[in-house]
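Understanding the architecture of this molecule
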Amino acid sequence: MKIEIPDYVLAVLNRLEQCGYEACVVGGSIRDAMLQKEVHDWDIATSALPGQILEAFRNEITIKTGIRHGTVTVISRGYPVEITTYRIDGAYTDGRRPEQVTFTPSLAEDLARRDFTVNAMAYHPAKGLTDPFGGRSDALRGIIRCVGNARTRFTEDALRILRALRFASVLHFQIEPETANALQQEKERLRGIAAERVREELRLLLCGENCGDILREYCTVLAVWIPELLPMVGFLQHTPYHAYDVWEHTVRTVQAIAPVPVLRFAMLLHDIGKPSTFTRDEQGRGHFYGHGAVSTEMTVKILERLKFDRRAKETITQLVKYHDIRCERSPLWIKKQLRKFGQPLFFQLLAVHKADISGQNPDLLYRLKDIDACADMAKEIICRESCFSLKQLAVNGSDLIQAGFPQGKVIGQILQFLLDAVIHEACKNEKSALLHYAAQNQRLFTET
Ligand code: ATP
Ligand code: MG
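Definitions and limits used
- Residue positions within a chain follow its written sequence, with the count starting from 1.
- Following the order in which they are written, the chains are lettered starting with A and the ligands numbered starting with 1.
- Residues qualify for local features only when their pLDDT is at least 70, as the model is predicted, and side-chain atom pairs are given and counted only at 80 or more; totals for whole chains, interfaces and linings, by contrast, use all residues.
- Water and hydrogen atoms were dropped before computing side-chain values, which therefore reflect all heavy atoms in the structure.
- Numbering of helices and strands runs from the N terminus; a helix is a DSSP stretch of H or I covering at least four residues, while a strand is a stretch of E covering at least two.
- Our radius of gyration is a C-alpha quantity, and the globule rule it is checked against amounts to 2.2 Å times the number of residues to the power 0.38.
- Here, residues are in contact when the closest pair of their heavy atoms is within 4.5 Å.
- With residues, only the protein chains shown are counted as cover, and all accessible areas are computed by Shrake-Rupley using a 1.4 Å probe.
- By the counting rule applied here, Lys and Arg register as positive and Asp and Glu as negative, while His and the ends of each chain are not counted.
- The atoms used to mark charge sites are NZ of Lys, CZ of Arg, CG of Asp and CD of Glu.
- For this analysis, a nonpolar core means a set of buried residues of the types Ala, Val, Leu, Ile, Met, Phe, Trp, Tyr and Cys, connected via side-chain atoms within 4.5 Å.
- Summary of the burial criterion: residues with accessible area below 20% of their type's maximum are buried, those above 50% are exposed, and those between are partly exposed, where the area comes from a 1.4 Å probe applied to protein chains only.
- Note on pairing: DSSP must find at least two bridges between two strands before they are called paired.
- Under this scheme, a helix contributes an axis fitted over its contacting stretch, all axes are lines through C-alpha atoms, and angles between N-to-C directions fall in the 0 to 180 degree range.
- The definition of a polar contact used here is a pair of N or O atoms within 3.5 Å, where within protein one atom must be able to donate a hydrogen and the other to accept one, and adjacent residues in sequence count solely through side-chain atom pairs.
- Definition of nearness: a residue and a molecule or strand are near each other if at least one heavy atom of the residue lies within 4 Å of the molecule or strand.
- Residues are grouped as follows: nonpolar covers Ala, Val, Leu, Ile, Met, Phe, Trp, Tyr, Cys and Pro; charged covers Asp, Glu, Lys and Arg; every other residue, Gly included, is treated as polar.
- Between 30 and 60 degrees the pair is tilted, below 30 it is stacked and above 60 it is edge-to-face, where a pair is any two Phe, Tyr or Trp rings, Trp via its six-membered ring, whose centres lie within 6.5 Å.
- As a reminder, the over-ring test applies to NZ of lysine and CZ of arginine, requiring each to be within 6 Å of the ring centre and within 35 degrees of the ring normal.

1. With respect to the overall build of the chain
Scanning the chain from N- to C-terminus turns up 22 helices and 13 strands. The globule rule puts the C-alpha radius of gyration for 448 residues at 22 Å, and the 28 Å found for the chain is more than 25% above it. Its C-alpha atoms give the chain principal-axis dimensions of roughly 85 × 65 × 40 Å. For the chain, long-range pairs separated by at least 24 residues make up 64% of all intrachain contacts whose partners lie at least 6 apart in sequence. With the model as given, the accessible surface of the chain reaches about 21,500 Å², and the carbon-plus-sulfur share is 50%. Averaging the coordinates of the 57 positive side-chain charges in the chain and doing the same for the 55 negative ones gives two points 3 Å apart.

Okay, here's the thing in structure tokens:
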């Protein structure tokens, strides 16, 4: 089997070999090349020790990426390439990270410390593939399987539990039964992993091509960090709007929305408040009054637990809070929403709404057309440069002050008032018209 390796990577291999060391391409790059997927980074493993790597590339830019673990990044013809010394991971005392690593001259030992068979292959342009654990066969059959004893590997490093789910989701692979059993048995160990690392794996998992099946099958694993998911499983909705239970609905909406992290997290959490707000009326129909607000509160807690940054937290929370936005095909409604949310969030909300409907009752799919029409109308409004934000208003604060309005908080109020008038077409978005309109209504702001 031949793998095309880019010239800037070959240059690094050649240089290490010229200096008398072994070097080959390893890990995810071989796996992805084999699967004819785009390779995002070509990792190199070598028998050279970190100091020797630095010395071999003394005329290039080098970055000591993780020198303690043996990793150096070299800039080769403008591209960064990570080079890691062959190593054996030391004892895992806390199930998180090896306390220490031991460098080894043996490629075989380096491959044996890797997590899954598909990640434990090496390739050299002249020597070909080194594949001691059947990674190629697993890659071609679509299987995630631990290298060695699965329980031991998950005990050593519990992050591998999420990595297994993540690769299965992204690559659309099946998890081999022994590996699947072991990760269920060891899942509680995920509690010991740093929140940031859990969040990153979760993000990749949710954006994977087959995340739907992984969510269905491994909800209990994710529930170690997000126990709030569990009550959704099998929770019947008793309403004609929904053909599925809350979890199945949730899974379908996650799969239906574009693989953008904030959108996927928003779908995962949008109905998380449903089980606790459920009531039934005399006809036996189910209701979830106020579930949006409860989902929002729960979402804030979950995102904090996972240490999301402020911006992502804000966006996801807003998307959950307003996921029930009822689209109206009217320019007035659209301009009001654009004013309230701003453009990016408004379009994201429409996407959330579409995904939500796709996971409801198939009989309601006709409603998707309304949302598309609404999005088209919004784009037209934006292209026409219709005014829906203060920035676009033909007057600003200093215009008002120059025209004799008093300085202070009231200026902001007048601007909002004028924007409202323009959106409702009570006044044209022209400077003189706006100043006149403001003057006419000045008493509204002064008689307080
Ligand atoms: P991608 O970069 O597409 O996420 P990858 O396979 O390159 O996938 P990385 O996290 O970049 O994954 O790690 C590079 C390689 O290091 C892996 O292919 C695997 O061989 C090894 N590896 C990474 N994390 C672990 C781990 N927790 N336990 C054992 N081996 C690991
Ligand atoms: Mg990688």
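2. A short note on the nonpolar core
Counting 126 residues, the largest nonpolar core has I144, L165 and L215 as its most contacted members. Sequence-distant contacts of L215, defined by excluding residues within four places in its chain, comprise L205, L206, L222, W247, V251, V254 and L268. Grouped together as the second largest cluster of nonpolar side chains are 7 residues, C24, V26, A45 and A122 included.

3. Regarding the sheet that holds strand β2 (residues 43-46)
The strand order across the open sheet formed by 7 strands is β3-β4-β5-β2-β1-β8-β9, and the pairing between neighbours is mixed. Two strands in the sheet have a free side with no partner beyond their single neighbour: β3 (62-66) and β9 (128-130). Pairwise comparison of adjacent strand axes, ignoring direction, gives a mean angle of 35° for this sheet. Sheet topology note: the β2/strand β5 (residues 79-85) ladder contains 3 bridges and is parallel. Counterpart to A45 in the pairing with β5 is T84. Running over the sheet, helix α1 (residues 7-18) touches β1 (23-26), β2, β4 (71-76), β5 and β8 (122-124) and is turned about 145° from β1.

4. Focus on the environment of E82
Here E82 is to be found in strand β5. E82 sits in the partly exposed class, given a relative accessible area of 32%. Along the primary structure E82 and T71 are separated by 11 residues, whereas in three dimensions their C-alpha atoms are 6.6 Å apart. Once you skip the residues sitting within four places of it in the chain, E82 turns out to touch W42, D43, I44, T65, T71, V72 and T73.

5. Thoughts on helix α11 (residues 246-256)
For α11, the tally of buried residues reaches 8 of 11 residues, placing the bulk of the element in the interior. Taken as a whole, α11 has its buried residues at V246, W247, E248, H249, T250, V251, T253 and V254. For α11, the elements touching its buried residues are α9 (195-206), α10 (211-222), α12 (261-269), α13 (274-277) and α17 (343-358). Two or three places before W247, at the opening of α11, D245 has a side-chain oxygen 2.9 Å from that residue's backbone nitrogen.

6. As for the site of ligand 1
Inspection of the region around ligand 1 gives 13 residues, with R31, N119, D157, R160 and R166 positioned closest. Between a nitrogen atom of ligand 1 and a main-chain N or O atom of D115, the distance comes to 3.2 Å. D157 places a polar side-chain atom, nitrogen or oxygen, 2.8 Å from a nitrogen atom of ligand 1. Considered on its own, ligand 1 offers 580 Å² of accessible surface; in the complex 76% of this is hidden by protein. Every element with two or more residues in the shell around ligand 1 is listed here: α2 (28-34) and α7 (159-171). Among the elements that take part in the shell around ligand 1, α7 stands out by supplying 4 residues, more than any other. Residues belonging to the shell around ligand 1 are distributed by class as follows: 1 nonpolar, 4 polar and 8 charged.

7. Some remarks on the packing of aromatic side chains
Going through the model one piece at a time under the given rule, you end up with 11 aromatic pairs. Taking 6.1 Å as the distance between ring centres and 75° as the angle between the ring planes, the aromatic pair formed by F116 and F167 counts as edge-to-face. Here F167 lies in helix α7 and F116 lies in the loop between α4 (107-112) and β8, a separation of 51 residues in the sequence. F167 gets classed as buried once you look at its relative accessible area, which sits at 4%. Consider the rings of F278 and F288, whose centres lie 5.2 Å apart with planes at 45°: the pair is tilted. Taken together, the residues F278 in the loop between α13 and β12 (279-280) and F288 in the loop between β13 (286-287) and α14 (291-305) connect sequence positions 10 residues apart. The rings of F235, F278 and F288 are connected pair by pair, giving a single aromatic cluster. Just above the ring of F288 sits the side chain of K274; from NZ or CZ to the centre is 4.6 Å.

8. Considering unusual backbone geometry
Positioned with a positive phi, Q36 is a non-glycine residue whose angle comes to about 55°. One can find Q36 in the loop between α2 and β2. On the basis of relative accessible area, Q36 is assigned to the exposed category, the value being 74%.

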